[in-house]
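Structural characterization, general
If you want the building blocks of each chain, they are given just below.
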Amino acid sequence: MKIGIVCYPTFGGSGVVATELGLELSKRGHEIHFITYNQPVRLELLGNNVHYHEVNVPEYPLFHYQPYELALSSKLVDMVKLHKIEILHVHYAIPHAYAAYMAKKMLIEENIYVPIVTTLHGTDITLVGSHPFYKPAVTFSINKSDAVTAVSQSLKEDTLRLFDIKNEISVVPNFIDLSKYNHGFTDCQRAMMANDDEKIITHISNLREVKRVQDVISVFYNIQKEMPAKLMLVGEGPEREKLECRCKELGITDKVIFFGKSNEIDKILCFSDLFLLPSQTESFGLAALEAMASGVPVISSNTGGIPEVNVHGISGFLSNVGNVEDMTKNALHILSDDDRLQAFKSNARKESLKYDLHNIVPQYEVIYEDTLAKC
Ligand code: GMT
C-alpha cells in the first residue's frame, strides 16, 4: 500500500508512535510518505520506501495566525496526486483529521478517493480537543474519518464520553520495537552517572504541568532520604525552571541530572532502577512502556490508560494522582530489597512483550485493508 502519515514531528509520544509505525510498515513492503512540517525526530533513515514531504507555511504579516491547516491540506492534495497515495493515516486529531478531511473533499472534486484513518492519542481528546473552542471541529473530523483508532480502551471511553461520536472506534495500543531495548550491560554507562551503591530513578516527559513533575521531585526527595539515589530527568518543557528552583530549595541539585531532549532514551533507561510517571492524565503512557521494555519497574498514577500498561504489583505500582506518600512507599518497597527489585525488573520486561511492534503493526494493516475495501 502507499500510505501517507501525518503527525507532529516532535518528541511527543504521538509523533514517536507515528514514525515507528511508518518505519515498520516500510519494512513490511509498504511505501510510506511522512507529511509534516519538520522531519520527525526518530526518522533517521530515509530508504527507498520512506519519503518525507515538508509542509511549508509562508509567513505573511496580515495573518496573526499562520494557516497551517490550509498549507497541510494543500500539501496532502498534491502528495496524494503525485505519489498516488492510497490512504492517509493522521495521528492526533487537531488539526490533522480536519486538514485531511478538507484534502479528501478537494480530491473528490478530481475523482480521486483517499480514505482517512485517524488515530487519537490523548491530549487531542482529554485536554485540548474537548475545549469548547475546538470541540465542534474535533467531533466533526472524528465522525468524518473512514476509520478511527484510540491508543487505549480508556481513551476510547473518554472520547465517547466527551464527544458525540457516531463512528466506531477501534483500540490499537501503542507499541515499541523491543529489539531496541535489549541492551546487554556492555552498552550501559551506569558508572558515569552514579556510584554503584546509588539507585537511579528516571522520569521522561515534555515537562508540562499535566505530567506533575513536581511529584517526581517530591517522591525522589523522599527516596534519597532513605537510600543513596540519583534522579535523571529527561525532556524539555515549560516546567523546567520551576523544577530546577525546587531542587535548589530542597538541596538536592547535585543529585538531579537534567538531560534535556534526548534521542537515546534507551541508553538512559538501561541503567535505571525505577521510572516515575505521576501524570494528571495519560491516555497510554508510552514512556512507561519504554521503561518497562528496558526492564525498569514503574511507579505511576492510576489515571487514564496507564493501568492498561503498568500492572499493579507486577511491573510496578499505581497510586491515586498526587498521592506522593503512597508513591514513595511503593518506590521504597521495590528499591529496598535487591531480589525484589530484580523480580520487578524482570516482570516489567515481560509485561512489555505484548506491546511488541510485530504484534500491533499488523492490526493497523488490517484497518487499512478493511477501510480500502469499503471504498
Ligand atoms: O503529552 C504527551 O505525552 C505528548 C502526547 C502526544 O500526543 O505526543 O502524548 C499522548 O500520546 C502518547 C502516544 O499515544 C501517549 O502515550 C500519551 O499518554 C499521551 N499523553 C497524554 O495523554 C497526556
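This one's a predicted model, so the numbers in the text were calculated from it and none came from an experiment. (Residues numbered from 1 in each chain as written. Predicted model: local features only at pLDDT ≥ 70, side-chain atom pairs only at ≥ 80, totals over all residues.)

**What about the overall build of the protein?**
What counts, and what does not: Each helix corresponds to a stretch of at least 4 residues labelled H or I by DSSP, and each strand to a stretch of at least 2 residues labelled E; elements are numbered beginning at the N terminus. Our radius of gyration is a C-alpha quantity, and the globule rule it is checked against amounts to 2.2 Å times the number of residues to the power 0.38. In this scheme the burial state of a residue depends on its C-beta neighbours within 10 Å: 20 or more other such atoms mean buried, 12 or fewer mean exposed, and anything in between means partly exposed; the C-beta positions come from the backbone. Any residue pair is listed as a contact if its two C-beta atoms, each placed from the backbone, are within 7 Å.
Helix and strand counts for the protein stand at 15 helices and 13 strands. By the compact-globule yardstick of 21 Å for 375 residues, the protein fits well, its C-alpha radius of gyration being 21 Å. Along the three orthogonal principal directions, the C-alpha set of the protein runs to about 70 × 45 × 35 Å. Across the 375 residues of the protein, 48% fall into the buried class. Of all intrachain contacts in the protein linking residues separated by at least 6 positions in sequence, the fraction that spans at least 24 positions is 68%.

**Considering helix 5 (residues 135-144)**
Stated precisely, the cut-off is as follows: The reported arc concerns the directions from the helix axis to the C-beta atoms and nothing else.
Regarding helix 5, the residues found buried are V138, S141 and I142. End-on, the buried residues of helix 5 take up no more than an arc of 100°, which puts them together on one face.

**Examining the domain arrangement of the protein**
Convention followed: For every domain, the bounds stem from an assignment made automatically or drawn from a database. When residues are grouped by polarity, Ala, Val, Leu, Ile, Met, Phe, Trp, Tyr, Cys and Pro land in nonpolar, Asp, Glu, Lys and Arg in charged, and all others, Gly among them, in polar.
Considered domain by domain, the protein is made up of domain 1 (2-175 + 356-374) and domain 2 (178-355). Each of domain 1 and domain 2 was reduced to a C-alpha centroid, and the two centroids are 30 Å apart. Domain 1 puts 21 residues into the contact, and the matching count from domain 2 is 17 residues. Residue assignment for the side of domain 1 that touches domain 2 shows that the elements contributing at least two residues are helix 1 (13-27), helix 6 (153-162) and helix 15 (357-374). Grouping the amino acids of the side of domain 1 that touches domain 2 by side-chain chemistry returns 10 nonpolar, 10 polar and 1 charged.

**Considerations on the nonpolar core**
Filter applied, for reference: Here, a nonpolar core means buried Ala, Val, Leu, Ile, Met, Phe, Trp, Tyr and Cys residues linked by C-beta atoms lying within 7 Å of one another.
Counting 103 residues, the largest nonpolar core has L76, L88, A100, F220, L274 and A288 as the members making the most contacts within it. Lining this core are residues from two domains, each supplying at least three of them: domain 1 (2-175 + 356-374) and domain 2 (178-355). Ignoring anything within four residues of it in the chain, the contact list for L88 reads G4, V6, L76, A100, V114 and I116.

**Some points on the UniProt feature "domain: Glycosyl transferase family" (unreviewed entry) in the protein**
Quick reminder of the rule: UniProt positions are given in the numbering used here, feature names are shortened, and annotations may be inferred rather than shown by experiment.
Taking the UniProt record as the reference, the feature "domain: Glycosyl transferase family" (unreviewed entry) is found at residues 194-350. Within residues 194-350, the helical portion is 43% and the strand portion 18%, while the C-alpha atoms at the span's ends are 26 Å from each other.

**A look at the site of the ligand**
The cut-off we apply is this: Residue proximity rests on one test: whether the C-beta atom, placed from the backbone, lies within 6 Å of the molecule or strand.
In the vicinity of the ligand there are 20 residues, among which G12, G13, S14, G122 and L286 approach most closely. Residue contributions to the shell around the ligand peak at 4 residues, all from helix 1. Looking at the shell around the ligand residue by residue, the class counts come to 6 nonpolar, 13 polar and 1 charged. Each of two domains, domain 1 (2-175 + 356-374) and domain 2 (178-355), supplies a minimum of three residues to the shell around the ligand.

**Structural notes on the packing of helix 11 (residues 286-293) against helix 14 (residues 338-352)**
We apply this condition: An axis is simply a line fitted to the C-alpha atoms; with a helix, the fit covers only the stretch in contact. Between two such axes, the angle follows the N-to-C directions and lies from 0 to 180 degrees. With respect to orientation, any angle under 35 degrees is reported as roughly parallel, any angle over 145 as roughly antiparallel, any angle of 65 to 115 as roughly perpendicular, and every other angle as oblique. Crossing handedness follows the turn of the near helix against the far one: under a right angle anticlockwise gives a left-handed crossing, and clockwise gives a right-handed one.
Packing of helix 11 against helix 14 brings their axes to within 7 Å, and their N-to-C directions diverge by 120°. Viewed along their axes, helix 11 and helix 14 adopt a mutual orientation that is oblique. Helix 11 and helix 14 meet at a crossing whose hand is left-handed. Contacts from L289, M292 and A293 of helix 11 reach helix 14 at A348, R349, E351 and S352. Partitioned by chemical class, the residues of the contact of helix 11 with helix 14 number 4 nonpolar, 1 polar and 2 charged.

**Concerning the sheet that holds strand 13 (residues 316-319)**
Spelled out, the test is: Whether two strands pair depends on DSSP finding at least two bridges between them.
Spatially, 10-9-8-11-12-13 is the arrangement adopted by the 6 strands of the open sheet, whose pairing is parallel. Strands at the two margins of the open sheet, each flanked by one partner only, are strand 10 (256-260) and strand 13. In this sheet, neighbouring strand axes are inclined to one another by 20° on average, regardless of whether the strands run parallel or antiparallel. Of the strand pairs in this sheet, strand 12 (residues 298-301) and strand 13 are connected by 4 bridges, and their pairing is parallel. Bridge assignment links S300 to a residue of strand 13, and that residue is L318. Each of strand 8 (199-204), strand 11 (274-277), strand 12 and strand 13 is contacted by helix 13 (residues 324-335), which is oriented at about 170° to strand 13, the strand it contacts most.

**A word on helix 2 (residues 68-83)**
So the rule is basically this: The span expected for a helix works out to 1.5 Å for each residue beyond the first.
Taking 1.5 Å per residue as the helical rise, helix 2 with its 16 residues ought to reach 22 Å, and the 22 Å between its terminal C-alpha atoms agrees with that figure. Listed in full, the buried residues belonging to helix 2 are L72, S73, K75, L76, V77, M79 and V80. Packed against the buried residues of helix 2 are strand 1 (2-6), strand 2 (31-36), strand 3 (50-54), strand 4 (87-91) and helix 3 (93-108). Looking at the residues trailing helix 2, positive phi occurs at K84, about 55°.

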